[in-house]
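If you want the building blocks of each chain, they are given just below.
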Amino acid sequence: MAAVTDFWRRKILSVLYGRGATTRSELVTATGLNVASVSLALRELIDFGVVRTLGKLNSSGGRKSEILRLSPEAAYFLVAELDGTRNRFGLVNLAGDVRFRWEEPCDSACVPVERVAAGIRRVLENLSASERSRTTAIGISYTGWLNSEGGLTAVNLGWDNVPIAKTLESLVHFPVFLASDCSLKALVEHSMGRAQGVRNYLHISMDSGLGVGCYVDGRLLRGAHGMAGEFGHIAI
């Protein structure tokens, strides 16, 4: 029997995340995977409790289609938004619903990484044992430049080449994933916002800085050094 690949899982979960509920045939069309691959991956995801069936559609003939959706409480993710003015922390479920959140102002020119770890621990302290056991990773949204070695330079945080993911993983013992705030905003619009089905668009963010998330030919444009759209970091 063929092994389920991470690529199949990501494609299926991405569609379910954006649509909320769908059928097997719609998943085949939306993912571009063949019927056998979708069926094999769904069987695994259903067995693990990540995907669940909601019933079957009425049919005038032939086999009735199952309605599928994510099981929202199957997994949780710790999240942090570090923008240098107010740092925000929270917990979201697999469907992206916010289950807990809090924020704090940045009252110094340099934010210690330990302070970020303390914010994450505060979220963990408010979780039940069941919620904590299903918490799988940490996602960090940042403004700044992340180099190929994982060093983050963020003027608004007072950081210069700080190995944020590696340091946080050693402090809170969860895998850490990083993405720029502009890229994440563009991804959200593509998966569940006004840019669904749009292959080429810009998401312009103007807050304490300026940044642009770029989608070209249906893919997020990152650039050779991960700085595509980061106009706020261009010297003029």
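Residues numbered from 1 in each chain as written. Predicted model: local features only at pLDDT ≥ 70, side-chain atom pairs only at ≥ 80, totals over all residues. Heavy atoms only, no water.

**Brief notes about the overall build of the chain**
So, point 1. The helix and strand tally for the chain stands at seven helices and 14 strands.
So, point 2. Projected onto its principal axes, the C-alpha coordinates of the chain cover approximately 65 × 45 × 30 Å.
So, point 3. Here the chain holds 236 residues, and 37% of them are scored as buried.
So, point 4. Taking all contacts inside the chain whose residues are at least 6 apart in sequence as the whole, residues at least 24 apart take part in 46%. (Helix = DSSP H or I, 4+ residues; strand = E, 2+ residues; numbered from the N terminus. Buried < 20%, exposed > 50% of the residue type's maximum accessible area, 1.4 Å probe, protein only. Contact = heavy atoms within 4.5 Å.)

**Focus: the sheet that holds strand β6 (residues 98-105)**
Paired through backbone hydrogen bonds, the strands of a sheet run either parallel or antiparallel to each other.
So, point 1. Read across the open sheet, the five strands follow the order β6-β5-β4-β7-β11; overall the sheet is mixed. Pairing within the sheet leaves two strands with one partner each, and these edge strands are β6 and β11 (176-180). Direction aside, neighbouring strands of the sheet carry axes that sit 15° apart on average.
So, point 2. As defined by bridge partners, strand β4 (residues 76-82) adjoins strand β7 (residues 135-142) across seven bridges and the pair is classed as parallel. Paired with Phe-77 across the strands is Ala-137, a residue of β7.
So, point 3. Sitting on the sheet, helix α6 (residues 164-172) touches β7 and β11, and the angle it makes with β11 is about 145°. (Pairing = 2+ DSSP bridges. Axes fitted to C-alpha atoms, helices over the stretch in contact; angles between N-to-C directions.)

**Some thoughts on the packing of helix α4 (residues 113-125) against α6**
So, point 1. Packing of α4 against α6 leaves a shortest axis separation of 10 Å and a crossing angle of 50°. On the basis of the axis angle, α4 is oblique to α6. Relative to α6, α4 is oriented so that their crossing is right-handed. The residues of α6 that touch α4, namely those facing Val-113, Glu-114, Val-116, Ala-117, Ile-120 and Arg-121, are Ile-164, Thr-167, Leu-168, Leu-171 and Val-172.
So, point 2. Residues that form the contact of α4 with α6 fall into these classes: eight nonpolar, one polar and two charged. (Parallel < 35°, antiparallel > 145°, perpendicular 65-115°, else oblique. Left-handed = near helix turned anticlockwise from the far one by under 90°. Nonpolar A, V, L, I, M, F, W, Y, C, P; charged D, E, K, R; others polar.)

**Concerning the state of the cysteines**
So, point 1. Inspection of the entire model under this criterion finds zero disulfides.
So, point 2. Distance from the sulfur of Cys-182, which forms no disulfide, to the nearest cysteine sulfur (Cys-214) is 8.8 Å. (Disulfide = S-S within 2.5 Å.)

**What to know about the confidence of the model for the chain**
So, point 1. Mean pLDDT over the chain: 87, with 90% of residues reaching 70 or higher.
So, point 2. Across the chain, the element-wise mean pLDDT spans from 83 in strand β12 (residues 201-206) up to 95 in α6. (pLDDT = per-residue confidence, 0-100.)

**Focus: the pairing of β6**
So, point 1. Relative to β6, strand β5 (residues 86-93) runs antiparallel, the two being bridged by seven bridges. Across the sheet, Phe-89 pairs through a bridge with Trp-102, a residue of β6.
So, point 2. In this structure, the hairpin formed by β5 and β6 is closed by a connection of four residues, where Gly-96 is found at a positive phi of approximately 90°.

**Observations regarding unusual backbone geometry**
So, point 1. Positive phi outside glycine occurs at His-173, with the angle close to 65°.
So, point 2. Inspection of the secondary structure assignment puts His-173 in the loop between α6 and β11.
So, point 3. Here the phi dihedral of Asp-217 falls at roughly 55°; this positive angle occurs in a residue that is not glycine.
So, point 4. One can find Asp-217 in the loop between β13 (210-216) and β14 (219-220).
So, point 5. We classify Asp-217 as partly exposed; its relative accessible area is 48%.

**A closer look at the sheet that holds strand β9 (residues 152-154)**
So, point 1. On the basis of which strands lie adjacent, the open sheet formed by three strands has the order β8-β9-β10 and antiparallel pairing. Unpaired on one side and paired on the other, β8 (145-146) and β10 (159-162) mark the two borders of the sheet.

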